[in-house]
Each structure stands twice: as structure tokens, then as C-alpha cells.
Amino acid sequence: MWRSAEGSAVDMLLPEDIRWCMERSKDHEPYTPVVKYDIRSMTLHLCHTCNLMCRYCYGKAGAYNGEGEMTETVACKAVDFLLQSTSNRSLRLSFFGGEPLLNFKVLRKTVLYAIARRLPALQWRFHVTTNGTIMSPEIASFLER
Ligand code: SF4
């Protein structure tokens, strides 16, 4: 689990990330809270495959009867949905699989997008449920920040 500290999170944004976030955000209307579900957290199944095949896995060795990875478009739309469905200012976004780090590219983009969608007094908490076997220095550095 890591918590976004706004300063350090923004420091992570590369020029191409900023361009990408601005590109994605320009299609969105200004944020208007629409309290329908009072959602506080959301879990995204980033990847329906896993690099392990645990016999006890409740998700058919991570496959959940289907393969595939969530796209960044779907993940960012989910972030928008979360923001538009609640007035809470303390929100949690969790990444799950399969093994969610197999889709680290989308995890990273989704976190940056959520942070870029800055709203007053909004605090994000990000969680990832991982088997940890494909941790790399790049991933560890991102999670740490
Ligand atoms: S690591 Fe987790 S998701 Fe992957 S096969 Fe094992 S129990 Fe299932």
C-alpha cells in the first residue's frame, strides 16, 4: 500500500505523462459532485492472468474464467466514475488481478491520471494486491513514492 503525497507524486510526472493526462482530461466536464452511491473505494481488476498457478487459487489460478487486461481508457473512465459518484474526499483505489503488476503500465497511468484529476482537499489512497514475484526496481520505486 502506498499513499500519494501530492508533491512527490507530481514529481513523478514525466513530460509525456503530463501531455497524456491533459489530453485525457480535456474531454471531461468540470467536476460536479453527483452523489448517487457514496462510493469510497473502487477495485480495478487490471489483469485476469497470473504468473503463478496456485492450486488453492479461488480465481482459477488467477484467470477468473477469462483472460485479458484492462485498458487505460477503461481504468481512467472508472476513476472518472468514482469521482462523479461520491462527495467523499478520501478515496481508495485498489488494483487487483490475477497479478495486477503484469499490467503495471496501466496501473501507473491510472495512478497518475487520478492524481492529475486534482480536486480540492481530495486524498487518494492506492493499494495493490500482488504476489510480488515480478517486482522490479522501476515498479518498487513507483510504489514507494
Ligand atoms: S498468486 Fe494469487 S492470483 Fe495468482 S494464482 Fe496464486 S492465488 Fe491466484
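**A look at the overall build of the protein**
So, point 1. When you go through the protein residue by residue, the secondary structure sums to 5 helices and 4 strands.
So, point 2. Listing the helices and strands of the protein from first to last along the sequence gives β-α-α-β-α-β-α-β-α.
So, point 3. For the protein, buried positions account for 26% of its 145 residues.
So, point 4. Intrachain contacts of the protein at a sequence separation of at least 6 include 85% that bridge at least 24 residues.

**Some remarks on the pairing of strand β4 (residues 123-128)**
So, point 1. Only one face of β4 is covered, namely the face carrying W124, F126 and V128; the face carrying Q123, R125 and H127 is uncovered.
So, point 2. Relative to β4, strand β3 (residues 90-96) is paired through 6 bridges, and the arrangement is parallel. The residue of β4 that forms the bridge with L93 is F126.

**Comments concerning the environment of V79**
So, point 1. Topologically, V79 is positioned in helix α3 (residues 72-84).
So, point 2. Taking the C-alpha atoms as reference points, V79 and L93, 14 residues apart in sequence, are found 8.4 Å from one another.
So, point 3. Setting aside residues no more than four positions away along its own chain, V79 makes contact with T110, Y113, A114 and R117.

**A closer look at the confidence of the model for the protein**
So, point 1. In the predicted model, the protein carries a mean pLDDT of 82, and the fraction of residues at 70 or more is 77%.
So, point 2. Segment residues 1-7 is flagged for pLDDT under 50; beyond a separation of four residues in sequence, or across chains, it makes 9 contacts in the model.

**What to know about helix α4 (residues 104-116)**
Residues spaced three or four apart along an α-helix face the same direction, because each turn holds 3.6 residues.
So, point 1. Between the first and last C-alpha of α4 there are 18 Å, a value that for 13 residues agrees with the 18 Å anticipated at 1.5 Å per step.
So, point 2. Residues F104, V106, L107, K109, T110, V111, L112, A114 and I115 constitute the buried set of α4.

**Brief notes about the packing of α3 against α4**
So, point 1. Orientation of α3 relative to α4, taken along the N-to-C sense of each, is 30°, at an axis distance of 9 Å. Taken as a pair, α3 and α4 cross one another with a handedness that is right-handed. In this structure, α3 contributes E72, A75, C76 and V79 to the contact, and α4 contributes V106, K109, T110, Y113 and A114.
So, point 2. Its residues placed into classes, the contact of α3 with α4 shows 6 nonpolar, 1 polar and 2 charged.

**Notes on the nonpolar core**
So, point 1. Grouped together as the largest cluster of nonpolar side chains are 24 residues, with contacts concentrated most on L46, A75, V79, L107, V111, A114 and W124.
So, point 2. Looking at this core element by element, the count peaks at 7 residues for α4.
So, point 3. Those residues in contact with A114 that lie beyond four places of it in its chain are V79, L93 and W124.

What counts and how
- Residues numbered from 1 in each chain as written.
- Predicted model: local features only at pLDDT ≥ 70, side-chain atom pairs only at ≥ 80, totals over all residues.
- Helix = DSSP H or I, 4+ residues; strand = E, 2+ residues; numbered from the N terminus.
- Buried ≥ 20, exposed ≤ 12 C-beta atoms within 10 Å, placed from the backbone.
- Contact = placed C-beta atoms within 7 Å.
- Pairing = 2+ DSSP bridges.
- pLDDT = per-residue confidence, 0-100.
- Expected span 1.5 Å × (residues − 1).
- Axes fitted to C-alpha atoms, helices over the stretch in contact; angles between N-to-C directions.
- Left-handed = near helix turned anticlockwise from the far one by under 90°.
- Nonpolar A, V, L, I, M, F, W, Y, C, P; charged D, E, K, R; others polar.
- Core = buried A, V, L, I, M, F, W, Y, C linked by C-beta atoms within 7 Å.

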